[in-house]
Amino acid sequence: MTPGQDDTAPPRKKKPPRWGLRTLGFLVLGVSTTAAAADRAQVLRAIHQVENPTDRTQPGPRGELGAYQFRRSTWKMHSSEPFSRANERALADDVAAKHYDWICRGLLAAGMEPSVYNIALAWNCGLQAATTQRAPRSSHRYALRVANLVAEAERRTRLVLMP
């Protein structure tokens with residue numbers, strides 16, 4: 001017993017580690033999920049696969065359109081083209097690249113790493129929610145799915161490139 005310690009107090013229990021979606025996702029992946037490790041094209045392919053894998057052209061439940069399921073406000077941030085053109089893949093790819101870069105700049109400005117996980121999180125719930133730690137669980141699950149898809153693509157690439 002150390003001086004000043006109350007001998008009648010029960011011993012303190014160690015708190016178990018908190019394994020949130022974010023921590024668990026990075027442990028499961030076992031690979032780097034930084035934006036530097038994954039190129040923009042890989043991340044955008046994964047986002048497309050989660051957002052609109054069948055390339056449906058009908059608007060989503062909140063009016064989202066295109067391969068990346070843009071909302072009208074996001075589209076207008078990066079394009080002067082009519083929102084109805086969000087279903088055109090080449091144009092959607094251009095807007096997606098601009099939005100990706102905007103998210104990366106925003107994460108850096110907020111002092112956050114532009115990791116695959118953080119980029120996907122901001123893509124799904126918005127930059128403000130991602131940088132103020134107010135993202136809903138569903139957005140964390142979305143980010144984990146995107147990060148896992150990117151990690152799997154990186155793993156497959158490494159296997160193909162092995163001598």
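The structure presented is a predicted model; accordingly, all values stated were derived computationally and were not measured.

Undergrad: Which parts of the structure should I look at to understand the overall build of the protein chain?
TA: Summing up its helical and strand segments, the protein chain has 7 helices and 0 strands in all. Listing every helix and strand of the protein chain by position from the N terminus yields α-α-α-α-α-α-α. Evaluated residue by residue, the protein chain yields a buried proportion of 39% over its 163 residues. Across the protein chain, every contact between residues at least 6 apart in sequence was considered, and the portion connecting residues at least 24 apart equals 51%.

Undergrad: What is the right way to read the pattern of salt bridges from this model?
TA: Side chains bearing opposite charge may pair, as long as their charged atoms lie close to each other. A complete count under the given rule lists 7 salt bridges for this structure. Measuring nitrogen to oxygen at the nearest pair gives 2.5 Å for the salt bridge that ties E81 to R85. When its relative accessible area of 31% is taken as the criterion, E81 is described as partly exposed. Judged by relative accessible area, R85 falls into the partly exposed class, the value being 28%. Here R89 makes a salt bridge to D93, at a shortest N to O gap of 2.8 Å. Here D93 and R89 lie together in helix 4 (residues 89-109), a separation of 4 residues that amounts to about one turn. Classification of D93 by relative accessible area gives partly exposed; the value is 29%. Bridged by salt links that share partners, the residues E81, R85 and E88 form one connected network.

Undergrad: How do you make sense of helix 5 (residues 116-125) when you look at a structure like this?
TA: Along an α-helix, residues three or four positions apart point the same way, because every turn accommodates 3.6 residues. Within helix 5, 8 of the 10 residues are buried, leaving the element largely enclosed by the surrounding structure. Among the residues making up helix 5, those that are buried are V116, Y117, N118, I119, A120, L121, A122 and W123. With its phi angle positive at about 100°, G126 sits one or two positions after the end of helix 5.

Undergrad: Would you take a moment to explain the layout of surface pockets for this structure?
TA: It is the rolling of a water-molecule-sized probe over the atoms that shows where space remains empty. Taken as a whole, the largest pocket holds about 500 Å³ of empty space. Along its surface, the largest pocket is lined by 22 residues, and E51, Q69, R71, W123 and N124 are the ones closest to its centre. Residue assignment for the lining of the largest pocket shows that the elements contributing at least two residues are helix 2 (40-51), helix 3 (72-78), helix 4, helix 5 and helix 7 (137-161). Per element, the largest residue contribution to the lining of the largest pocket is 4 residues, and it comes from helix 5. Residue composition of the lining of the largest pocket, by class: 11 nonpolar, 5 polar and 6 charged.

Undergrad: Honestly, the packing of aromatic side chains in this entry has me stumped. Any pointers?
TA: In total, this model carries 5 aromatic pairs according to the counting rule given. Their ring planes at 50° and their centres at 5.8 Å tell us that Y68 and F70 sit as a pair that is tilted. On the basis of relative accessibility, which here comes to 2%, the residue F70 falls in the buried class. Cluster of aromatic residues (ring-pair linked, three or more members): Y68, F70, W75, F83 and W123.

Undergrad: Could you clarify how one ought to interpret unusual backbone geometry in this entry?
TA: Of all residues except glycine, most have a negative phi; of all peptide bonds, most are trans. If you check the backbone angles, Q69 has positive phi at about 55° while not being a glycine. Position of Q69 among the secondary structure elements: in the loop between helix 2 and helix 3. Q69 gets classed as buried once you look at its relative accessible area, which sits at 7%. Not every positive phi belongs to a glycine, and Q133 is a case in point at roughly 55°. Here Q133 lies in the loop between helix 6 (127-131) and helix 7. A residue is classified by how much of its surface remains accessible, and Q133, at 72% relative accessible area, is exposed.

Calculation notes
Within each chain, residue numbers correspond to sequence positions counted from 1 in written order. In keeping with the predicted nature of the model, local features appear solely for residues at pLDDT of at least 70, side-chain atom pairs appear and are counted solely at 80 or more, and the whole-chain, interface and lining totals rest on all residues. As a rule here, side-chain values come from all non-hydrogen atoms in the structure, and water together with hydrogens is ignored. Helix and strand definitions here come from DSSP, where helices need a minimum of 4 consecutive H or I residues and strands a minimum of 2 consecutive E residues; each element is numbered from the N-terminal end. Throughout, exposure labels follow a simple rule: accessible area from a 1.4 Å probe, protein chains only, divided by the maximum for the residue type, with under 20% read as buried, over 50% as exposed, and the rest as partly exposed. In what follows, residue pairs with any heavy atoms lying within 4.5 Å of each other are defined as contacts. Here, a salt bridge means any Lys or Arg side-chain nitrogen found within 4 Å of an Asp or Glu carboxyl oxygen. For each structure, a 1 Å grid was placed over the protein atoms alone; sets of points admitting a 1.4 Å probe that cannot get out are labelled cavities, open sets with protein on both sides within 12 Å along at least five of seven lines are labelled pockets, and lining residues have an atom within 4 Å of a point. Grid points are joined across faces, edges and corners, and a volume is the space filled by probe spheres set on the points. Note on residue categories: nonpolar means Ala, Val, Leu, Ile, Met, Phe, Trp, Tyr, Cys or Pro, charged means Asp, Glu, Lys or Arg, and polar means any other residue, Gly included. The criterion for an aromatic pair is that two Phe, Tyr or Trp rings (for Trp, the six-membered ring) have centres within 6.5 Å, with stacked assigned to planes under 30 degrees apart, edge-to-face to planes over 60 apart and tilted to the rest.

Honestly, it's all geometry; don't read function into it.
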